[in-house]
Amino acid sequence: MRSGRHGAARPPIGVLIHRDRVDFSLFALIIVVALAVMVLTGWSTIVFWLGFVPIFATLALIVRRIDRLARDEVRDEELL
């Protein structure tokens, strides 16, 4: 049998974000730019509604990146 923890707990999200600050800073910048464009154009333009596309895509990328970092962190602990 393998030794170690079964059902290892994932590290806190703050630790994962701190590990790849540049990636998450770029994700935040994408969301801020999309929101700024949405605010400056107004809700009656097509640009406003197209602004939701990068926001939702970036949120999906954030979730996938956190999941990947958590799996890598747990895998690294199992190797010890």
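See the structure printed just above.
Residues numbered from 1 in each chain as written. Predicted model: local features only at pLDDT ≥ 70, side-chain atom pairs only at ≥ 80, totals over all residues. Heavy atoms only, no water.

## A look at the overall build of the chain
A tally of helices and strands in the chain yields four helices and zero strands. Order of helices (α) and strands (β) in the chain, N terminus to C terminus: α-α-α-α. Residues counted as buried form 21% of the 80 residues belonging to the chain. Counting only carbon and sulfur atoms, one obtains 68% of the accessible surface of the chain, whose full area is about 6,300 Å². (Helix = DSSP H or I, 4+ residues; strand = E, 2+ residues; numbered from the N terminus. Buried < 20%, exposed > 50% of the residue type's maximum accessible area, 1.4 Å probe, protein only. Areas by Shrake-Rupley, 256 points an atom, 1.4 Å probe, with all protein chains shown as cover.)

## Structural notes on helix 2 (residues 21-41)
Here helix 2 spans 30 Å end to end across 21 residues, near enough to the 30 Å set by a 1.5 Å rise per residue. Turning to helix 2, its buried residues are Phe24, Phe27, Ile31, Ala34 and Met38. Along the axis of helix 2, the buried residues cluster in a sector spanning 90°; they form a single face. Exposed positions of helix 2 whose direction lies more than 90 degrees from the buried face are Arg21, Val22, Val32, Val39 and Leu40. Following helix 2 by one or two positions, Gly42 has its phi on the positive side, about 95°. (Expected span 1.5 Å × (residues − 1). Arc of directions from axis to C-beta.)

## Some remarks on the side chain of Asp20
By the element assignment, Asp20 lies in the loop between helix 1 (13-19) and helix 2. Sequence-distant contacts of Asp20, that is, excluding residues within four places in its chain, are made with Arg65 and Leu69. (Contact = heavy atoms within 4.5 Å.)

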